[in-house]
Amino acid sequence: MRAVKAGAYHFLEKPVDLDDLLITIEKGLEAQRLRLEIAALRKQHRWQFAHVEFVGRSAAMSELAQIVEKVARTESATVLLQGESGTGKDLVARAIHAHSGRRDHPFLEINCTTLPETLVEAELFGHERGAFTDARERKKGLAELADGGTLLLDEIGDMPLGAQAKLLRFLEDSRFKRLGGTTDITVNVRVIAATNQKLERAVQEGKFRGDLYYRLKVVDLAIPPLRDRREDCAPLALYFVEQLARDLKREAPTMTPEAIRVLETYSWPGNVRELRNVLERALILEDTQEIRPEHLPVEIRGASQPPEGGDQLVQLPPEGFSLEDVERSLIEQALTRTRGNVARAARLLDLSRDTLRYRMKKYSLAASPRASKAALGGS
Ligand SMILES: Nc1ncnc2c1ncn2[C@@H]1O[C@H](COP(=O)(O)OP(=O)(O)OP(=O)(O)O)[C@@H](O)[C@H]1O
Ligand SMILES: [Mg+2]
């Protein structure tokens, strides 16, 4: 007991079962590896684009960071950002701007969804006095105000067709007229367009101009959903915990490997934004030094944790079920997941290897689907 208090991972009682000893050592090493990995993750996998920090360790994210770097160096290449809601389109647009020669000029944004159709053109290109009923004064549009800087056209898929035609002309020669105006105004603006719909489909459906689509996608960046790059969950989570703790003026809690695994298992329909919100909630509600799975919302834990309400690991349905079928199915799943590695499958099921082999024999299960019965004992 003193050894455990002093930090020993575990203890075994004599007589020692060698299989148990091996499993305990493997578990201990795995726990240590995860802790070291988490410590290392704290500082790695971050790119700094001026004040904009970009986090990720998936191949997709490092590739994206390199492209941001290259695009920022171009004077005014147009960029099309496609990705589900919350994947980081705004962040990437800001990173490009902050890292470019335009950084000391404005970064302006127009959201084509929230704006009434009739106002999109006026917002973008401005209007002269009396151009339409409400136009009592001359007003500059965002294209004019962003001169020298970057203009983000968010949810470009929702831009009305009339505004699309004007935008295309503007992209071709950097010139436009204010609504109701007669003189051409020339500006120097980089346009970045973002969308969470498949623009190609909108083109096929006639809702989006094909010529504008091809003009926009000079640099075409697709940001994959978080569920397709689960390895980014850990560095993102550690980054957000640190950032949120700083905002809340408290010390950043650590995250247990189990909590990280829960984050890596969930499907994140709201992508990175949802991950950030979940951690913010945990930090606000839990005054803990260590974020553990129970500090995360049930929906998130759902995939990897027993349901709440009752201590039961598995709920027995009213009509009951065959315990042997369940056992057989779990053994099959463990073997599939470990690609037939009996030692690792045994660990997943918290069995000794001999016990697992015995039960595999009982259910006539081979280590791998292709293995013959003769190989049944191998691992
Ligand atoms: N790779 C990343 N590194 C650090 N923070 C990120 C990353 N990706 C996204 N975020 C953060 O996640 C949140 C959501 O990102 P952002 O607003 O850029 O998403 P979006 O794709 O523009 O979403 P929407 O389509 O809803 O506008 C922001 O707080 C952003 O800073
Ligand atoms: Mg956005």
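Residues numbered from 1 in each chain as written. Chains lettered and ligands numbered in written order. Predicted model: local features only at pLDDT ≥ 70, side-chain atom pairs only at ≥ 80, totals over all residues.

**A closer look at the overall build of the chain**
Operational definition: Labels follow the DSSP assignment, with helices taken as runs of H or I lasting at least four residues and strands as runs of E lasting at least two, numbered in each case from the N terminus. With the radius of gyration taken over C-alpha atoms, the globule rule is written as 2.2 Å times the number of residues to the power 0.38. Any residue surrounded by 20 or more other C-beta atoms within 10 Å of its C-beta is treated as buried, while 12 or fewer makes it exposed and the intermediate range makes it partly exposed; C-beta atoms here are placed from the backbone. C-beta atoms are placed from the backbone for every residue, and two residues are taken to be in contact when these atoms lie within 7 Å.
Secondary structure summary: the chain contains 16 helices and 11 strands in total. The C-alpha atoms of the chain give a radius of gyration of 28 Å, which is well past the 21 Å a tight globule of 379 residues would have. Judged by the C-alpha coordinates and their principal axes, the chain covers about 95 × 45 × 40 Å. The buried share of the chain, taken over its 379 residues, is 29%. Sequence-distant contacts in the chain: of pairs separated by 6 or more residues, those separated by 24 or more amount to 69%.

**Digging into the nonpolar core**
What counts, and what does not: For the purposes of this analysis, a nonpolar core is taken to be any set of buried Ala, Val, Leu, Ile, Met, Phe, Trp, Tyr and Cys residues that are connected through C-beta atoms within 7 Å. These domain boundaries are the output of an automatic or database domain assignment.
With 69 residues, the main nonpolar core has L81, V92, I96, I192, A193, A237 and L275 as its most contacted residues. In terms of residue count, the dominant contributor to this core is helix α10 (residues 233-247) (eight residues). When residues of this core are assigned to domains, at least three map to each of domain 1 (16-44 + 228-301) and domain 2 (59-223). In contact with L275, not counting residues within four places along its chain, are L226, C233, L236, A237, F240, L263 and W268. Core analysis: the next-biggest nonpolar cluster, separate from the first, contains eight residues, I331, L335, M360 and A367 among them.

**Observations regarding the pairing of strand β2 (residues 52-55)**
What counts is decided by this rule: Strands are labelled as partners when DSSP assigns at least two bridges between them.
Sheet topology places strand β1 (residues 46-49) next to β2; four bridges connect them, and they run antiparallel. Paired with F49 across the two strands is V52, which belongs to β2. Between β1 and β2, which follow one another and run antiparallel, lie two residues, and A50 among them has a positive phi close to 50°.

**Some words on the site of ligand 1**
Condition: The C-beta atom of each residue is placed using the backbone, and any residue whose C-beta lies within 6 Å of a molecule or strand is treated as near it. Polar here means any residue other than Ala, Val, Leu, Ile, Met, Phe, Trp, Tyr, Cys and Pro, which are nonpolar, and Asp, Glu, Lys and Arg, which are charged; Gly is therefore polar.
Near ligand 1, the surroundings consist of 15 residues, among which S85, G88, K89, D90 and V272 are the closest. Those elements giving two or more residues to the shell around ligand 1 turn out to be β2, α4 (89-99) and α12 (271-285). In terms of residue class, the shell around ligand 1 is built from four nonpolar, seven polar and four charged. Looking at which domains feed residues into the shell around ligand 1, each of domain 1 (16-44 + 228-301) and domain 2 (59-223) gives three or more.

**Here's the deal with the environment of D211**
By the secondary structure assignment, D211 is in helix α9 (residues 210-216). For D211, a count of 13 C-beta atoms within 10 Å corresponds to the partly exposed category. In sequence terms D211 and K139 are 72 residues apart; their C-alpha atoms lie 29 Å from each other.

**Some words on the environment of L236**
Along the chain, the position of L236 falls in helix α10. According to the C-beta neighbour criterion, L236 is buried, with 24 such atoms within 10 Å. In this structure, L236 is in contact with V55, G56, V272 and L275, ignoring residues within four places of it in sequence.

**Observations regarding the domain arrangement of the chain**
Examined at the domain level, the chain breaks down into domain 1 (16-44 + 228-301), domain 2 (59-223) and domain 3 (327-368). Taking only C-alpha atoms into account, the centre of domain 1 sits 28 Å from that of domain 3. Facing the five residues of domain 1 at the interface are four residues of domain 3. Counted by class, the side of domain 1 that touches domain 3 contains one nonpolar, no polar and four charged residues.

**Considering the confidence of the model for the chain**
Heads up, the condition is: Confidence scores labelled pLDDT are given residue by residue by the predictor and lie between 0 and 100.
Chain-level statistics for the chain give a pLDDT mean of 89 and a share of 93% at 70 or above. Within the model, the stretch residues 371-379 combines pLDDT values under 50 with 16 contacts to residues more than four positions away or in other chains.

**Here we look at α4**
Counting buried positions over the 11 residues of α4 gives eight, a clear majority of the element. Every buried residue of α4 is accounted for by K89, V92, A93, R94, A95, I96, H97 and H99.

**Regarding the sheet that holds strand β8 (residues 190-195)**
Just so we agree on the cut-off: Axes here mean lines fitted to C-alpha atoms, for a helix over just the part in contact, with angles spanning 0 to 180 degrees between N-to-C directions.
The strand order β4-β5-β8-β3-β9 describes an open sheet built from five strands, whose pairing is parallel. Of all strands in the sheet, those bounded by a partner on one side alone are β4 (107-111) and β9 (219-222). Across the sheet, the axes of successive neighbouring strands diverge by a mean angle of 20°, strand direction being ignored.

**A short note on the packing of helix α3 (residues 59-73) against α4**
Which entries qualify depends on this criterion: We call two directions roughly parallel when the angle between them is under 35 degrees, roughly antiparallel when it is over 145, roughly perpendicular when it lies between 65 and 115, and oblique otherwise. Put simply, a crossing is left-handed when the front helix is turned counterclockwise from the back one by less than a right angle, and right-handed when it is turned clockwise.
Look at α3 against α4: their axes get within 8 Å of each other, and the N-to-C directions meet at 40°. Considered as vectors, α3 and α4 are oriented oblique to each other. Viewed along their axes, α3 and α4 form a crossing whose handedness is right-handed. Across the interface between the two elements, L64, V68, E69, V71 and A72 of α3 pack against V92, A95, I96 and H99 of α4.

**Observations concerning the pairing of β8**
Burial analysis of β8 places six of its six residues in the buried class, the great majority of the element. A two-sided burial pattern is seen for β8, the buried positions comprising R190, I192 and A194 on one face and V191, A193 and T195 on the other. In terms of strand pairing, strand β3 (residues 79-82) meets β8 through four bridges, oriented parallel. Paired with L80 across the bridge in β8 is A193. One ladder, built from four bridges, connects strand β5 (residues 150-154) with β8; its direction is parallel. Directly across from L153, in β8, lies its bridge partner A193.

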